[in-house]
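Summary of the model geometry
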Amino acid sequence: MPAATNRQLAVRLAVGRALGRTRDLDDIYSAALDTLAECLEVSRASVLLFDPDGVMRFRAWRGLSSEYRAAVQGHSPWTPDSVDAVPLLVSDVTREPSLEEYQPVFAREGIAALGFIPLVSLGRVIGKFMLYYATPHAFDDEEVKLAEVIASAVAFAVERGRAHEMPRRSDSPQGYEPNASVIGPWEWEVPSDAPAAHPDGLPSGRLRQVRQCDIETDRDCLKILGLDGRLLYVNPAGVAQLGVEDSSTLVGRRWIDFWEEKDREVVEEAMARARAGTIGRFQRPTRTFAGTMKWWDVAVMPIVDAGGVVVQFKAVSRDVSAQWRTEVFQAGQHQVLEMIATGAPLAQVLTLLAHVIEDQYEGLRCQALLLDADGTHVRLGAAPSLPEEFSTLFDGQPVGPRVGSCGTVMQTARSVIVTEIRTDPQWDVLRDAAARNGLRSCWSAPILSSQKMVLGSFAMFCDTARGPCHEELRLLETAADLAGAAIDHHRSQEALRQSEERNRAILRAVPDLMFVFSDDGVYLDFHAKDPKELLVPPEAFLGKRMRDIMPPPLADSFSQAFERALATNEPERLEYSLDLSHEQRFFEACIVRCDSDKLLSIVRDITDRKRAELDAAAQRQELAHLNRVLILAEQSGALAHELSQPLAAILANAQAARHLLDRTPLDLDELRETLDDVIKSDKRAGTVIHRLRELLKKSNAVLQPLDLNEVTREVLDLTHSDLLLRRVPITTALSPGIPPVLGDRVQLQQVILNLVINACDAMSTVDPAERALKLTTVADDECVQIAISDRGVGIPDGALDSVFDPFVTHRADGLGLGLAISRSIVVAHHGRIQAENNADRGATFRCFLPLAGGTADVSRDSVVAMMSPG
Amino acid sequence: MTDAYPLSLAIVDDDEAVRTALRRLLRAMGHEVRVFASAEEYEAQAADADCLILDLRLPGLNGFELRERLRLRGSPTPIVFITGDGGPSPSDATAHAGTPTVAKPFSDGDLIAAIARAVSAGANVR
């Protein structure tokens, strides 16, 4: 769920930013409520905290009346001792029995649903925030998770703010509240003969005033310095914080020596300001004499005598280690989150995380281990401060004792604290290695994904044998949390990257143009493997409507295809051609809906394929024509004979008329009849010539509904005399009233002609008395059948299918193309042709042609495409 | 042969237009004409003719076959072949020998001349 992880990350960043800006509690509450409003879209919310007396009180609220607050004050599902508190969600307050007594209050306030989100610090509830809804609200998991993220950050910030809030300093040194109402430089009277030592160790005189304040501020380290910068006095708190037994080791030493070399300039400057009569301040770390690094917030003030001359300095140092640690940690955390969000490599993120944790406490070294995808082996994620020879021992190991207590952590998904590696059985295998590297204890927490799956472990190794303090434990939990976010994010990004890589690979492999259109035909985007394939530059079409770019008929076709694609969600294919500068190119577009309102069009240049198709069609056309020419050449004798009949009749009639004209009286009726016969015969001759011309033409297919009986008769007319010559008697059984088929007259004539000639050829060696040719037509629901049956030599067994193959001939002469061409014509008409041997003798050829307007409709495109070159 | 002698002519041709036209023509020239659509039809009738005008391409028995049958029967009727194929090709020369042939379309003069030749030859035998 990359989207959810990203959202959580975004919320954490937002929360971190909002809360990190301030240490002031009121600002923190306000920022918390802002974040709730922004991230959870809850405008009415409140922040409540436990008082020191254990009562939950409102600290900040939005959209609540004072009556409401008064009415519910103190109600809380948790006590300060509550552990493992989880959010309580009330979708409908009217259905929650435990809230019954508050129903009227809710009703008056217009509250119908509630969310109780605990604020938890170190496992204990310190307060809650409340979400209020005006209508019943179904809480979903993501919402709750985000609320918990915000709550965790708010709890942290509140704790920090509270620590900060402890006696506030104004413009006097931080944390220092002088008892006196006088704030500022102290008056100090130094008698010239005052003894250096004093029972309290304090210079005498009006220091007593200062001394009272010391008591009040004994939490801070208070020092009195001479003008030479040497320590004259350190208060008890300071002695303790500086890590010495008593002040004797400190008095007389130069204060500036307590600070690191690099910081001494700042210290000097502060003293200079004090010398000048104002307050010098700085914050710097330095080691105590016990060796502990601490952060100090220091104010150096002048101590003046009665004459206003600065005679001594007072340096008040507050140990702000905790705050400093926290701020540094916040900053570090923030940096880690930003690295995650900006997609830095996982190893870098984990290394930074380790450093951020290690910076908090001395003596800690961190190690992040990652669980392999197979769930059984471990890889080193980061261990920047551990010796390589130790951390590499973990890499590639199976989960288990070979990775110490971290193995247990990953197996059980629970934190494990090992205070003494030397004796803990989980560290049997790695004990020696740990000892070699000075590692005495290991505190390890599981790294979990947002789905609570184990991703690895985060461990803190300590060089002393102890358990973690509260802050350290919290640190560990936070580290594991952040590591989880980092790994989750990394994995989802990786999956996304791989998916995108796959898509890119597909795109690279597909040598096509792709266009993305809006559903109203505007070009939105494109992909072109070869930019030259774009006929116009992108700026010329992107953002424009397809109608404005394509020629209108093409735009119409595309529009229709778009509509169908949007409606059916199935791919639509469209073939089209464009006339380019010097040639016509053919394209095929496959159009499919994508997203809910866009269309994807994948365009392929099919010019080569189309040209090949057209060439093939042209070749077929040539062959068909050749076939017709050859037939006619064969038939020429028959045709001449056919023509001679009407011509003979015309001549005889004309001459008869001449004779009749010489008679008296003129027989006008006879003459009229004669002329009528002349006209009839002439027309007959004309028809033969016409048929001849048709067959000789190399014309494109013309589709029309045809009566197959009529076509058959036309063929018989043409072949009549040839059949006589060949002594082939014909019988016909043409079913009357057969429905029409859709086809080209000339081409269907050609088929029947081929079959008739073929039948005659088959009978050429048969005794004339045995010869017979029968043509039959019959129709059913789907098609019309014409059968040509002969009593010839028949088809050899096994050749019943191959007889239609080109160049297969059983005649001594002939090309063997007639049947092949016949089949291609029949197939182009969406029909079929078959041959069978008759039971007694000879063969029958059957053609099945679909009815015009029937279910197996012959499409113009297929016949035209197949039989003509476009 | 002139129109002065009305002849009794028989025409065998399977084409109806040709039959009608030829009958009209020969009648207009003063002759008697009977027409038949096939060789079988001619054989089925008893009467003889002064001359038989015979198409070569017929359903059933063709012109040559009818001529042969008549000769075998000893029929004296002179025969004229009419044909849509043009004149006899060299390979057909033997088959046509002895019988005048006119190719369609033929003029009345050519037909009459052929009839005269056949009649004056006296017989249909080579």
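Residues numbered from 1 in each chain as written. Chains lettered and ligands numbered in written order. Predicted model: local features only at pLDDT ≥ 70, side-chain atom pairs only at ≥ 80, totals over all residues.

This part takes up the overall build of chain B. Along the backbone of chain B there are 5 helices and 5 strands. Put simply, chain B has 126 residues, and 43% of those count as buried. Relative to all contacts within chain B whose residues are 6 or more apart in sequence, the contacts with residues 24 or more apart total 62%. (Helix = DSSP H or I, 4+ residues; strand = E, 2+ residues; numbered from the N terminus. Buried ≥ 20, exposed ≤ 12 C-beta atoms within 10 Å, placed from the backbone. Contact = placed C-beta atoms within 7 Å.)

Helix and strand counts for chain A stand at 23 helices and 28 strands. Considering chain A as a whole, with its 870 residues, one finds that 36% of them fall into the buried category. Taking all contacts inside chain A whose residues are at least 6 apart in sequence as the whole, residues at least 24 apart take part in 60%.

It is worth spelling out the sheet that holds strand β20 (residues 584–594) of chain A at this point. All names here are of chain A. With antiparallel pairing, 5 strands are arranged side by side in an open sheet as β18-β17-β21-β20-β19. Because the sheet does not close on itself, it has two edges, and the strands there are β18 (523–528) and β19 (572–579). When strand polarity is set aside, the average angle formed by the axes of neighbouring strands in this sheet is 25°. Note: β19 against β20, 8 bridges, orientation antiparallel. Residue pairing for β20: Glu575 is matched across the bridge by Glu588. Across the sheet, helix α17 (residues 552–568) is in contact with β19, β20 and β21 (598–605); its angle to β19 comes to roughly 165°. (Pairing = 2+ DSSP bridges. Axes fitted to C-alpha atoms, helices over the stretch in contact; angles between N-to-C directions.)

Attention shifts here to the interface of chain B and chain A. Listed by partner, the interface residues are 19 residues for chain B and 24 residues for chain A. Top contributing element to the side of chain B that touches chain A by residue count: helix α1 (residues 16–28) of chain B, with 8 residues. When grouped by side-chain class, the residues that make up the side of chain B that touches chain A number 10 nonpolar, 3 polar and 6 charged. (Nonpolar A, V, L, I, M, F, W, Y, C, P; charged D, E, K, R; others polar.)

Let us now look at the environment of Arg19(B). Residues and elements named next belong to chain B. Tracing the sequence through the fold places Arg19 in helix α1. Residue classification places Arg19 among the buried residues on the basis of 20 C-beta atoms within 10 Å. With 15 residues separating them in the primary sequence, Arg19 and Arg34 have C-alpha atoms 9.4 Å apart. Among all residues touching Arg19, those that are not within four sequence positions of it are Ile11, Asp13 and Val35.

Residues and elements named next belong to chain A. Core analysis: the largest hydrophobic core is formed by 55 residues, its most contacted members being Leu353, Cys366, Phe458, Ala479 and Ala483. The element best represented in this core is helix α14 (residues 470–509), accounting for 9 residues. Residue contacts for Ala479: discarding those within four places in its chain leaves Leu353, Ile357, Cys366 and Phe458. Cys39, Phe58, Trp61 and Ala157 belong to the second largest nonpolar core, which has 49 residues in total. (Core = buried A, V, L, I, M, F, W, Y, C linked by C-beta atoms within 7 Å.)

Our next topic: the environment of Leu54(B). Residues and elements named next belong to chain B. With respect to the helices, strands and loops of the structure, Leu54 is situated in strand β3 (residues 51–55). By C-beta crowding, Leu54 is classed as buried, having 28 other C-beta atoms within 10 Å. The spacing of Leu54 and Ser38 is 16 residues in sequence and 9.4 Å in space, taken between C-alpha atoms. Setting aside anything within four residues of it in sequence, one finds Leu54 in contact with Val12, Gly63, Leu66, Arg67, Ile79, Val80 and Phe81.

Turning next to the packing of helix α9 (residues 321–341) of chain A against helix α10 (residues 346–360) of chain A. All names here are of chain A. Running from amino to carboxyl end, α9 crosses α10 at an angle of 175°, the nearest separation of the two axes being 9 Å. Taken together, α9 and α10 sit at an angle that is classed as roughly antiparallel. Residues Arg325, Val328, Phe329, Gly332, Gln333, Gln335, Val336, Met339 and Ile340 of α9 touch α10, and the partners they reach there are Gln348, Val349, Leu352, Leu353, Val356, Asp359 and Gln360. In the contact of α9 with α10, the residues fall into 9 nonpolar, 5 polar and 2 charged. (Parallel < 35°, antiparallel > 145°, perpendicular 65-115°, else oblique.)

With that out of the way, let us pick up the sheet that holds strand β23 (residues 730–734) of chain A. Each strand in a sheet pairs with another by means of backbone hydrogen bonds, the pair being arranged parallel or else antiparallel. Residue and element names in this part refer to chain A. Within the open sheet, the 5 strands sit side by side as β23-β25-β26-β28-β27. Their pairing is mixed. Where the open sheet ends on each side, the last strands, each with one partner, are β23 and β27 (832–837). Neighbouring strand axes in the sheet, compared pairwise and without regard to direction, differ in orientation by 15° on average. On the sheet, helix α21 (residues 745–762) packs against β25 (773–779), β26 (783–790) and β28 (843–850) and is oriented at approximately 20° with respect to β26.

It is worth spelling out helix α5 (residues 108–121) of chain B at this point. Residue and element names in this part refer to chain B. With 14 residues, α5 extends 20 Å between its outermost C-alpha atoms, agreeing within 8% with the 20 Å of an ideal straight helix rising 1.5 Å per residue. Those residues of α5 not exposed but buried are Leu111, Ile112, Ala114, Ile115 and Ala118. Considered in projection along α5, the buried side chains sweep an arc of 160° and stay on one side of the axis. Exposed residues on α5 whose side chains face more than 90 degrees from its buried face are Gly109 and Ser120. If you follow the buried residues of α5, they end up packed against β3, β4 (79–83) and β5 (101–103). (Expected span 1.5 Å × (residues − 1). Arc of directions from axis to C-beta.)

Time to look at unusual backbone geometry. Put simply, Thr664(A) and Pro665(A) share a cis peptide bond, and its omega is -5°. When you line up the elements, Pro665(A) lands in the loop between α18 (607–662) and α19 (668–696). That bond from Lys104(B) to Pro105(B) is cis: its omega, -15°, falls within 30 degrees of zero. Of note, Pro105(B) is situated in the loop between β5 and α5. The phi torsion at Lys452(A) lies on the positive side, around 65°, for a residue other than glycine. With respect to the element layout, Lys452(A) can be found in the loop between β15 (441–448) and β16 (454–462). Positive phi, normally seen in glycine, also occurs at Asn569(A), with a value near 60°.

Here we take up the packing of α18(A) against helix α20 (residues 708–725) of chain A. Residues and elements named next belong to chain A. Look at α18 against α20: their axes get within 8 Å of each other, and the N-to-C directions meet at 105°. The orientation of α18 with respect to α20, classified from their angle, is roughly perpendicular. For the pair α18 and α20, contact is made by Gln635, Gly637, Ala638, His641 and Glu642 and by Leu718, Thr719, His720, Ser721 and Asp722, respectively. Grouping the amino acids of the contact of α18 with α20 by side-chain chemistry returns 2 nonpolar, 6 polar and 2 charged.

What follows deals with the confidence of the model for chain A. Note: predicted coordinates in regions of low pLDDT should not be interpreted at a detailed level. Residue and element names in this part refer to chain A. Looking at chain A, pLDDT values average 82 and 88% of them are 70 or higher. Below pLDDT 50 for its whole length, residues 166–210 participates in 69 contacts with residues either more than four positions away or in separate chains. Ignoring residues within four places in sequence, the model shows residues 855–862, a span with pLDDT below 50, making 14 contacts including any to other chains. (pLDDT = per-residue confidence, 0-100.)

Attention now moves to the pairing of strand β2 (residues 32–36) of chain B. Both faces of the sheet carry side chains from a regular strand, because those side chains alternate between them. Relative to β2(B), strand β1 (residues 8–12) of chain B runs parallel, the two sharing 5 bridges. Following the sheet pairing, Val12(B) is matched in β2(B) by Phe36(B).

By the secondary structure assignment, Phe106(B) is in the loop between β5 and α5. You can call Phe106(B) buried: it has 22 C-beta atoms within 10 Å. Residues Phe106(B) and Ile82(B) lie 24 residues apart in sequence; the distance between their C-alpha atoms is 8.8 Å. Apart from residues no more than four positions distant in its own chain, Phe106(B) is found in contact with Ala648(A) and Leu111(B).

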